[in-house]
Amino acid sequence: MQPNTPAESTPEPLPYARMSDADATAEARRIIADAYQPVRQMPTAYRDSTPVPAYGTTPPVPQPDHRIVPPWAAGTAVAGIGVGAACVGIGCGIWLACQGFAAVTLTSVLFITLPIAAVAAVATAIGSAVRSIKATHTETHHHYTGPVRQETNTITAPAYGLIACNRNELHG
C-alpha cells in the first residue's frame, strides 16, 4: 500500500468499454493472424535494364588512370632509400671490421656511423633544396591557331585586421 493512498479506495473505472466474448475472440484471432503473416521484404538493389540513350556516333574512349608523382618527391624518396642503404652497408662493414680488432659493442659502432649518416642526410637535403629551386623557374609556351582573344584581369582583394572585410575590385 502506498503511504499517500487511503486505506480503502474504490477501483477506478476502465478507460475502455468491455468487449463481448465474441468480439474478444475475433480480435485475438486477428492479432494472431497478423503476428504470423510473412514479413514483407524491401528490395535492397535495383538494376535498370533500359538502354542508355546514345549521344553522337563516337565510340567510348578508354581513359587510363595516370597518377603522377612530382619529380622532387620521387627523387627525395629514392635518395632517402639510398642514404639508408649506404648507412646500413657502411655501418655493417665497420662493425665487421671492428669485430676483427676487438669485441666492440654495437653501440660504439653506431656512434662511429652516426656522423656518416648525418653527412648523407644533409647532402640529401641540400640536393632536394637545389632541385626544388631549379624547378621553380618554368617557361610556358602557348601555341594558338585561329582567332585568339586574350584578357588579362587583375583582381585586388585587400584584407586587413583581425576581422577582414573583402572588397574585391576588378581592374581591366
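Each chain carries its own residue numbering, running from 1 in the direction its sequence is written. Per-residue local features of the predicted model are confined to residues with pLDDT of at least 70, and side-chain atom pairs are confined, for both listing and counting, to 80 or more; whole-chain, interface and lining totals are unaffected and use all residues. Note that the side-chain values use all heavy atoms of the structure and ignore hydrogens as well as water.

J.: How would you summarise the overall build of the chain if you had to cite specific residues and measurements?
T.: Assigned secondary structure in the chain consists of three helices and two strands. Secondary structure counts use DSSP, requiring at least four H or I residues in a row for a helix and at least two E residues in a row for a strand, with both numbered from the N terminus. The order of α-helices and β-strands along the chain, N terminus first, is α-α-α-β-β. Method for areas: the Shrake-Rupley scheme with a 1.4 Å probe, in which residue coverage is limited to the protein chains shown. With an accessible surface of roughly 16,400 Å², the chain has 63% of that area assigned to carbon and sulfur atoms.

J.: Could you give an account of the pattern of salt bridges, with specific residues and numbers?
T.: Here a salt bridge means any side-chain nitrogen of Lys or Arg lying within 4 Å of a carboxyl oxygen belonging to Asp or Glu. For the structure shown, the criterion picks out two salt bridges. A salt bridge links R30 to E27, with the nearest nitrogen and oxygen atoms 2.5 Å apart. One end of the pair, R30, and the other, E27, are both in helix α1 (residues 21-35), three residues apart, so they sit about a helical turn from each other. Exposed residues in this analysis have more than 50% of their type's maximum accessible area, buried residues have under 20%, and partly exposed residues fall in between, with area computed by a 1.4 Å probe over protein chains only. Assessed through its relative accessible area of 42%, R30 is described here as partly exposed. Looking at E27, the relative accessible area reads 29%, which means it is partly exposed. For the salt bridge of D34 with R30, the shortest nitrogen-to-oxygen distance reads 3.0 Å. Of this pair, D34 and R30 both sit in helix α1, four residues apart, which is roughly one turn of that helix.

J.: Summarise the confidence of the model for the chain; cite the residues concerned and give the values.
T.: Confidence of the predictor at the level of single residues is given by pLDDT, which spans 0 to 100. Averaged over every residue, the pLDDT of the chain is 77; the share at 70 or more is 77%. Per-element mean pLDDT across the chain ranges from 65 in strand β2 (residues 169-171) up to 91 in α1.

J.: I'd like a rundown of helix α3 (residues 106-136), residues and numbers included.
T.: Between its first and last C-alpha atoms α3 spans 44 Å; for 31 residues at 1.5 Å apiece the expected length is 45 Å, and the two agree. We define the bend at any residue as the angle between the axes fitted to the seven residues before and including it, ending there, and the seven starting there. Residue T113 marks the point of greatest curvature in α3, where the axis turns by about 35 degrees; the proline P115 follows within four residues. Burial in α3 covers these residues: V109, T113, A120, T124 and S128. Helix span, as expected, comes to 1.5 Å for every residue beyond the first.

J.: Describe a nonpolar patch on the surface, listing the residues and the values that go with them.
T.: The residues that make up patches have over 30% relative accessible area and no salt bridge, and they are joined within 9 Å when like-charged or within 5 Å when they are Val, Leu, Ile, Met, Phe, Trp or Tyr. Taken together, the side chains of W95, L96, L106 and L110 define a hydrophobic patch exposed on the protein surface, amounting to about 410 Å² of accessible area. Where the nonpolar patch is concerned, the elements lending two or more residues are α2 (71-101) and α3. For W95, the location among the structural elements is in helix α2. W95 sits in the partly exposed class, given a relative accessible area of 32%.

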